[in-house]
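Spelled out from the first residue to the last, the chains are:
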Amino acid sequence: MFQDTKLLPPDPILGLSKLYQDDARSEKIDLGVGVYRDLSGATPVMKAVARAEANVMAAQKTKAYTPVDGAPGFGPAILNLVFGEDSPVLSSGRAAAVQTPGGCGALRLAGELLNSQGAESLTLGEPTWPNHIPLLSAAGLKLNSIPYYDRDANAVDFDAFKAGAAKLGPKDVLLVHGCCHNPTGADLSTAQIDEIAAMANAQGFLPLIDTAYHGFAKDLDADVYMIRKFSAALPEVLVTYSCSKNFGLYRERTGALIIIGETADSALAVKSQATSLARRNYSMPPAHGGAIVAEILSNPELTAMWKDELAEMAERVRGNRRLLAKTAQDFGLHNRLSFIAEQAGMFSLMPLNEDQIRIMREDHGVYVVGGGRINLCGVNESNVEHLIRAYKAATEA
Ligand code: LMR
């Protein structure tokens, strides 16, 4: 069976972590995989998570199966967090949630759902998270790409994005990043989100909002502007949601597919299709992470603790953005990297070609994802000068 099976190259993001771990140089800097890191470079278990986990373990009486839509309480808790408790979308019953194995599981389930319901294409802005492409095409969807980002201007190319979206019709899906665009860090403004909502309304295409960094751009309310706006303005929306970053639950694989239907009945019907697809695949998601999120969000003390920790993490990343931009200026790069201070979330694209990315890694031990993506969490006071020197050396070589 496998005599002629070919060895595949490592994953472009996860493979970089392995290269970094194997590098013996003490001055190496990991700007690769999208995980939060504190000042010491560690990815700690959040205190609210540790407390919730202890509560969950103390209350646990069985390991029997959970329902296909996940840990009891998780779905309603995520819906309240995303829409706000007084949301008409919730009181009308138009929203339903299915817990999934991480944000990846949500995307794959969304892809299979769309495929099973006759979606003709799924359009992505370019560049996008590299795993979107294999993940969604593996679900059987035909993918198209349209421009999103202008690498010369280091900003969203909204005219080009709109021109691409203008071609979409009722059987098409447009994937948009809810906040903290991966890999560019360049988000749509609220006015631009409103324009896309109007286009979706007029043309009938379905938005799929991928939200993996809720809380890392501005705050928990501002970061879901797109979800709330689209859900109020449009009959149907899909959201893929990850709890990896904002709850620090990476390895617990906790996420959600959120379905907003035209009516409560249609939301339930679509949810039944999604749970049937899940049953045919992995049956049900791992319950542990979902139970932790449900515990945090149902306990006011833990909710407040979690919100404070999340705000602190987000502020640290914003501080790293400012530090990088300022250090670049101090080292004579003028405003070449100043756009980084204005962007949102963990990532930005450093203006680098593939050869310069290789020089950064091989000559200076600075690990940048292909295309130039850096995770700002890897920047700190003690390594930022080495990073800027490496950038100068690679780009001025
Ligand atoms: C990333 O973009 O680095 C993260 O979302 C982790 C991953 O799975 O790629």
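Residues numbered from 1 in each chain as written. Predicted model: local features only at pLDDT ≥ 70, side-chain atom pairs only at ≥ 80, totals over all residues. Heavy atoms only, no water.

A. Representation of the overall build of the protein in the model. Helix and strand content of the protein: 15 helices and 13 strands. For 397 residues, the compact-globule estimate of 2.2 N^0.38 gives 21 Å, and the protein sits close to it at 21 Å. With the C-alpha coordinates aligned to their principal axes, the bounding extent of the protein is approximately 60 × 55 × 55 Å. For the protein, with 397 residues in total, the buried portion stands at 54%. Only carbon and sulfur atoms are counted for the fraction: they give 54% of the accessible area of the protein, which is about 17500 Å². Put simply, the protein has 37 plus and 45 minus side-chain charges, and the middle of one group is 3 Å from the middle of the other. (Helix = DSSP H or I, 4+ residues; strand = E, 2+ residues; numbered from the N terminus. Rg over C-alpha atoms; globule rule 2.2 N^0.38 Å. Buried < 20%, exposed > 50% of the residue type's maximum accessible area, 1.4 Å probe, protein only. Areas by Shrake-Rupley, 256 points an atom, 1.4 Å probe, with all protein chains shown as cover. Lys, Arg positive; Asp, Glu negative; His and termini not counted. Charge placed at Lys NZ, Arg CZ, Asp CG, Glu CD.)

B. Broad picture of the domain arrangement of the protein. Segmentation of the protein into domains returns domain 1 (12–45 + 315–395) and domain 2 (65–298). Listed as interface residues are 19 residues of domain 1 and, on the opposing side, 20 residues of domain 2. Considering only the surface of domain 1 that becomes buried against domain 2, Ala 344, Phe 347 and Leu 349 emerge as the three largest contributors, covering 31% of it. Summed over the shared surface of domain 1 and domain 2, the number is 0 salt bridges. Scanning the region where domain 1 abuts domain 2 turns up 8 residue pairs in polar contact (both at pLDDT 80 or more). Sorting the residues of the side of domain 1 that touches domain 2 by element identifies α12 (300–333) and β11 (347–349) as the ones contributing at least two each. Counting residues per element, the side of domain 1 that touches domain 2 draws most heavily on β11, which supplies 3 residues. Classifying every residue of the side of domain 1 that touches domain 2 by side-chain character gives 11 nonpolar, 6 polar and 2 charged. (Domains from an automatic or database assignment. Contact = heavy atoms within 4.5 Å. Buried area = accessible area lost by both parts, 1.4 Å probe. Salt bridge = Lys/Arg side-chain N within 4 Å of Asp/Glu carboxyl O. Polar contact = N/O pair within 3.5 Å; in protein donor to acceptor, adjacent residues only side chain to side chain. Nonpolar A, V, L, I, M, F, W, Y, C, P; charged D, E, K, R; others polar.)

C. View of empty space enclosed by the protein. In the structure shown here, the tally under the stated rule is 2 cavities of 30 Å³ or more. Taken as a whole, the largest cavity holds about 80 Å³ of empty space. Lining the largest cavity, in full, are Gly 125, Pro 127, Thr 128, Tyr 148, Phe 161, Leu 175, Val 176, His 177, His 181, Ala 186, Asp 187 and Leu 188. For the lining of the largest cavity, the element with the most residues is strand β7 (residues 172–177), which contributes 3 residues. The residue inventory of the lining of the largest cavity, partitioned by class, reads 7 nonpolar, 4 polar and 1 charged. (1 Å grid on protein atoms, 1.4 Å probe; cavity = no way out; pocket = protein on both sides within 12 Å on 5 of 7 lines; lining within 4 Å. Points joined across faces, edges and corners; volume = space filled by probe spheres on them.)

D. The arrangement of the nonpolar core in detail. In this structure, Ile 78, Phe 83, Phe 216, Phe 230, Ile 258 and Met 360 are the most contacted members of the largest nonpolar core, which totals 125 residues. With 10 residues, the top contributor of residues to this core is α12. (Core = buried A, V, L, I, M, F, W, Y, C linked by side-chain atoms within 4.5 Å.)

E. Quick peek at the pattern of salt bridges. Inspection of the entire model under this criterion finds 16 salt bridges. Between Lys 162 and Glu 195 there is a salt bridge, with the nearest N and O atoms lying 2.7 Å from each other. With Lys 162 in helix α7 (residues 158–165) and Glu 195 in helix α8 (residues 190–203), this residue pair connects regions lying 33 residues apart in the sequence. Taking relative accessible area as the criterion, Glu 195 reaches 35% and is therefore assigned partly exposed. With its nearest N and O atoms 3.9 Å apart, the salt bridge here joins Arg 336 to Glu 396. Residue Arg 336 is found in the loop between α12 and α13 (339–342), and its partner Glu 396 is found in helix α15 (residues 384–396); the two are separated by 60 residues along the sequence. Here the salt bridges do not stand alone but share partners, grouping Glu 315, Arg 318 and Arg 322 into one network.

F. Region of interest: the site of the ligand. Lining the immediate surroundings of the ligand are Ile 13, Val 33, Gly 34, Trp 129, Asn 182, Tyr 213, Lys 245 and Arg 373. Within the side chain of Trp 129, one N or O atom sits 2.9 Å away from an oxygen atom of the ligand. Against a free-state accessible area of 260 Å², the protein chains account for coverage of 83% of the ligand. More than half of the atoms belonging to the ligand lie within 2 Å of the grid points that define the largest pocket. Here the residues of the shell around the ligand sort into 4 nonpolar, 2 polar and 2 charged. Among the domains, domain 1 (12–45 + 315–395) and domain 2 (65–298) are the pair contributing at least three residues each to the shell around the ligand. (Near = heavy atom within 4 Å. Sits in = over half its atoms within 2 Å of the grid points.)

G. Local environment of the state of the cysteines. Inspection of every chain in the model, using the stated rule, returns 0 disulfides. Among the cysteines around Cys 179, which has no disulfide bond, Cys 180 carries the closest sulfur, lying 3.9 Å off. The thiol of Cys 243 is unpaired, and the distance to the nearest cysteine sulfur, on Cys 179, comes to 13 Å. (Disulfide = S-S within 2.5 Å.)

H. Spatial organisation of the sheet that holds strand β8 (residues 206–211). Ordered in space as β2-β10-β9-β8-β7-β3-β4, the 7 strands form an open sheet in which the pairing is mixed. Lying at the two open borders of the sheet, with one neighbouring strand each, are β2 (95–101) and β4 (143–147). Here the average twist between neighbouring strands, direction ignored, is 25°. As defined by bridge partners, strand β3 (residues 121–126) adjoins β4 across 5 bridges and the pair is classed as parallel. Each residue of the ladder has a partner; that of Glu 126, found in β4, is Pro 147. (Pairing = 2+ DSSP bridges. Axes fitted to C-alpha atoms, helices over the stretch in contact; angles between N-to-C directions.)

I. Structural view of unusual backbone geometry. Of note, the amide linkage connecting Glu 126 to Pro 127 takes the cis form, showing an omega dihedral of 0°. Tracing the sequence through the fold places Pro 127 in the loop between β3 and α6 (132–138). Each neighbour pair has its own omega, and for Asn 182 with Pro 183 the value is 20°, a cis peptide bond. Mapped onto the fold, Pro 183 is located in the loop between β7 and α8.

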